[in-house]
Amino acid sequence: MAFGLSDRVKEIAPSPTLSIDTKTKELVSQGYDIINLSVGEPDFGTPEPAANAGIEAIKAGFTKYTAVPGIVDLRKAIARKLKEENGLDYEMEDIIVSNGAKHSLYNAFMAVCNPGDEVILPAPYWVSYPEMIRLSGAVPVVIETDESTGFKITPEMLERAVTPKTKVLLLNSPSNPTGAVYSPDELKALAKVIEKHEFYVMSDEIYEKLVYGIEQISIASVSEAMKQRALIVNGFSKTFAMTGWRVGYIAGDRAVIKAMTSFQSHTTANPTSISQKAAVKALECFDSEMVDRFRNRRDYVLQRINEMPLITCIEPQGAFYVFPNVAEILGKSFKGQTIDSANTFAGLLLEHANIALVPGEGFGAPNNIRISYAVSDDHLKKAMDRLEQFLREVE
Ligand code: PMP
Ligand code: GLU
């Protein structure tokens with residue numbers, strides 16, 4: 001018996017990336033031969049030493065509550081990583097570990113946003129950002145971008161979006177869903193605008209190591225002024241293929257970290273004890289071969305798509321997604337059914353071509369679709385053959 005739901009939850013939709021993935025996995029378990037290009041999850045396994053550290057933690061009885069922001073070893077290891085890889089000085093008190101980067105982001109919005117505050121959100125954006133922003137009471141102020149700027153905002157676009165109510169700018173480079181990566185010069189140009197104002201920059205760098213032929217830096221490393229404004233978000237799901245372990249973190253202003261820790265102490269408390277032990281080990285286990293394999297897959301998918309009719313795709317420089325434009329398909333039909341949206345297109349692909357992917361609507365990009373190429377080479381080839389066959393039948 002339901003006695004009504006809060007307005008808060010009535011306003012949010014379920015995550016389309018996760019719901020399409022769940023539906024696909026269900027169909028696959030029923031025997032359907034569907035290739036799942038929907039969810040952003042590496043097909044590689046967790047590095048063995050990290051997995052073993054988790055097992056050892058269980059055996060050693062490291063199965064109790066830990067400090068709310070994470071164990072000392074992990075926060076110190078993250079601080080070391082930020083110093084060595086990003087040239088950034090943080091102490092463990094400037095870091096909070098949470099149950100996945102999604103959790104980190106949610107906590108951060110809850111810690112810094114008041115109702116009515118504005119969060120500048122470049123589109124296409126990852127599906128969960130607008131919902132989290134709204135849950136915190138803040139208002140997403142979307143800056144639309146498309147292929148013409150490589151799906152990136154320019155300093156002029158940013159300047160136009162800033163108002164006295166701006167509390168946060170969200171940047172996600174490399175980007176989910178577009179794979180766009182801001183170059184160091186582009187970040188410096190954005191920083192010039194940001195430094196004139198007073199707001200946080202939430203910089204989601206979860207795909208930082210998955211870049212192909214471009215230098216990736218953290219916007220926090222551009223200047224001291226940027227470091228003061230930055231809340232760096234990162235996690236273990238992508239780089240270390242640890243999606244199920246649920247470990248993410250934020251480094252930033254100590255007062256914000258303290259507030260997030262208070263908030264987290266009343267909601268989830270510490271991240272999983274055994275996952276934290278695995279994460280300490282994972283930081284020593286980055287496998288650069290994985291990057292080469294993703295790069296080969298990206299090149300393959302890009303080439304195949306750009307040889308197909310009615311669909312085009314610009315080259316993404318990071319993450320493991322391509323984000324083709326399907327505007328030319330919209331309005332055409334397949335077996336007598338009009339393809340009136342990316343959503344309909346994705347539905348028809350699932351039904352008639354046995355491919356699951358995510359339509360662009362949830363990313364704020366209704367002319368695009370997202371393909372995750374974090375699947376085996378065999379599956380990728382089969383999926384591209386199926387997509388091509390489908391497109392040849394569109395009229
Ligand atoms: N940020 C981005 C851009 C993502 O694509 C994801 C999805 N995995 C996350 C954050 C959250 O990752 P997790 O919660 O698994 O650490
Ligand atoms: N971030 C991944 C994706 O976009 C995982 C699913 C999710 O949390 O959205 O597919």
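Being a predicted model, the structure only gives us computed values, none of them experimental.

Comments concerning the overall build of the protein chain
- Looking only at helices and strands, the protein chain features 14 helices and 14 strands.
- In summary, the protein chain has a C-alpha radius of gyration of 21 Å against a globular reference of 21 Å for 395 residues, a match within 12%.
- With respect to the three principal axes, the spread of C-alpha positions in the protein chain is 60 × 55 × 55 Å.
- The contacts of the protein chain with a sequence gap of at least 6 include a subset with a gap of at least 24, amounting to 73%.
- For the protein chain, the computed accessible surface area is about 17100 Å², with 50% contributed by carbon and sulfur atoms.

Some words on the sheet that holds strand β6 (residues 200-204)
- The sheet built from seven strands is open, its strands ordered β2-β8-β7-β6-β5-β3-β4 with mixed pairing. In this open sheet, the two edge strands, each paired with only one partner strand, are β2 (95-98) and β4 (139-144). Geometrically, the sheet is characterised by an average inter-axis angle of 20° between neighbouring strands, direction not taken into account.
- As defined by bridge partners, β6 adjoins strand β7 (residues 230-235) across four bridges and the pair is classed as parallel. Bridge pairing in β7 places Asp 204 opposite Val 233.

A closer look at the site of ligand 2
- In the vicinity of ligand 2, the contacting residues are Ser 15, Thr 17, Leu 18, Val 39, Gly 40, Lys 102, Trp 126, Asn 176, Lys 238, Tyr 321 and Arg 370.
- Separating an oxygen atom of ligand 2 from a side-chain N or O atom of Thr 17 is a distance of 2.6 Å.
- For ligand 2, whose unbound accessible area comes to 280 Å², protein coverage reaches 89%.
- Among the residues making up the shell around ligand 2, the classes are represented as four nonpolar, four polar and three charged.

As for the site of ligand 1
- As a matter of local geometry, ligand 1 sits amid 13 residues, with Ala 101, Asn 176, Asp 204, Ser 237 and Lys 238 nearest to it.
- Separating an oxygen atom of ligand 1 from a side-chain N or O atom of Tyr 207 is a distance of 2.7 Å.
- Arg 246 is positioned such that a nitrogen or oxygen atom in its side chain is 2.7 Å from an oxygen atom of ligand 1.

Focus: the pattern of salt bridges
- According to the stated counting rule, one finds 24 salt bridges in the structure shown.
- Residue Glu 208 pairs with Lys 81 through a salt bridge whose shortest N-O separation is 2.6 Å. Linking Glu 208 in the loop between β6 and α9 (224-229) with Lys 81 in helix α4 (residues 72-86), this pair joins segments that are 127 residues apart in sequence.
- Relative accessible area serves as the criterion here: at 7%, Lys 81 is assigned to the buried category.
- Linking Glu 85 and Lys 209 is a salt bridge whose minimum nitrogen-to-oxygen distance equals 2.9 Å. Placement of Glu 85 in helix α4 and of Lys 209 in the loop between β6 and α9 is noted, with a sequence separation of 124 residues between them.
- Judged by its relative accessible area of 40%, Glu 85 is partly exposed.
- Look at the salt bridges and you will find they share partners, linking Arg 304, Lys 381, Asp 385, Glu 388 and Arg 392 into a network.

Points about the side chain of Thr 344
- Mapped onto the elements, Thr 344 comes out in helix α13 (residues 342-353).
- Within polar-contact distance, the side chain of Thr 344 engages the side chain of Asp 340 at 2.5 Å.
- In contact with Thr 344, not counting residues within four places along its chain, are Gln 337, Thr 338 and Ile 339.

Considerations on the environment of Thr 63
- Tracing the backbone shows Thr 63 in the loop between α3 (48-59) and α4.
- Distance in space between the C-alpha atoms of Thr 63 and Ser 273 is 5.9 Å, their sequence separation being 210 residues.
- The contact partners of Thr 63, leaving out residues within four places of it in the chain, are Ala 57, Ile 58, Ser 273 and Ile 274.

Describing unusual backbone geometry
- Note the cis peptide between Ser 173 and Pro 174, where omega equals -5°.
- Residue Pro 177 is bonded to the preceding Asn 176 through a cis peptide linkage, with omega at 25°.
- Among the secondary structure elements, Pro 177 is positioned in the loop between β5 (166-172) and α8 (184-194).
- Despite not being glycine, Ala 241 has its phi angle at roughly 50°, a positive value.
- With respect to the helices, strands and loops of the structure, Ala 241 is situated in the loop between β7 and β8 (248-252).

Details of the pairing of β7
- Here β7 lies mainly inside the structure; six of its six residues are buried.
- Where burial is concerned, the two faces of β7 agree: the one with Ala 230, Ile 232 and Asn 234 and the one with Leu 231, Val 233 and Gly 235 are both buried.
- Relative to β8, β7 runs antiparallel, the two being bridged by five bridges. By the bridge assignment, Gly 235 is partnered in β8 with Gly 248.

Concerning the environment of Met 260
- Within the element layout of this structure, Met 260 appears in helix α10 (residues 254-267).
- Measuring from C-alpha to C-alpha, the distance between Met 260 and Val 68 comes to 9.9 Å, with 192 residues separating the pair along the chain.
- Every residue in contact with Met 260, bar those within four places of it in the chain, is listed here: Ile 96, Ser 104, Asn 107, Ala 108, Ala 111 and Ile 250.

Comments concerning the sheet that holds strand β9 (residues 321-322)
- The antiparallel open sheet is built from three strands, whose spatial order is β9-β14-β13. Across the chains shown, the open sheet's two edge strands, defined by having one partner strand only, are β9 and β13 (358-359).

Rules and cut-offs
- Note that residues are indexed from 1 along each chain, following the sequence as it is written.
- Each chain gets a letter, beginning with A, and each ligand a number, beginning with 1, in the order they are written.
- Under the rules for a predicted model, residues below a pLDDT of 70 receive no local features and side-chain atom pairs below 80 are neither given nor counted, while totals for whole chains, interfaces and linings still include all residues.
- Hydrogens and water molecules were not included; the side-chain quantities draw on all heavy atoms of the structure.
- Strands are runs of DSSP state E lasting at least 2 residues, helices are runs of H or I lasting at least 4, and numbering of each runs from the N terminus.
- We compute the radius of gyration from the C-alpha atoms alone; for a globule the expected value is 2.2 Å times N to the 0.38, where N is the number of residues.
- It only takes one pair of heavy atoms within 4.5 Å for two residues to be counted as in contact.
- Accessibility throughout is a Shrake-Rupley quantity obtained with a 1.4 Å probe, and a residue counts as covered only by protein chains that appear here.
- Two strands are said to pair when DSSP picks up at least two bridges between them.
- Axis lines are fitted to C-alpha atoms, over the contacting stretch for helices. Their N-to-C directions set the angle, which ranges from 0 to 180 degrees.
- Only heavy atoms are used to decide nearness, and a residue is near a molecule or strand if one of them lies within 4 Å of it.
- Here a polar contact is recorded for every N or O atom pair within 3.5 Å, except that within protein the pair must consist of a potential hydrogen donor and a potential acceptor, and residues adjacent in sequence are included only if both atoms are side-chain atoms.
- Each residue is assigned to one of three groups, with Ala, Val, Leu, Ile, Met, Phe, Trp, Tyr, Cys and Pro labelled nonpolar, Asp, Glu, Lys and Arg labelled charged, and all others, Gly among them, labelled polar.
- What counts as a salt bridge is simple: a side-chain nitrogen of Lys or Arg found within 4 Å of a carboxyl oxygen of Asp or Glu.
- When accessible area is computed with a 1.4 Å probe and restricted to protein chains, residues below 20% of their type maximum are described as buried, those above 50% as exposed, and intermediate ones as partly exposed.

It is worth stressing that arrangement in space is one thing and function is another; only the former is reported here.
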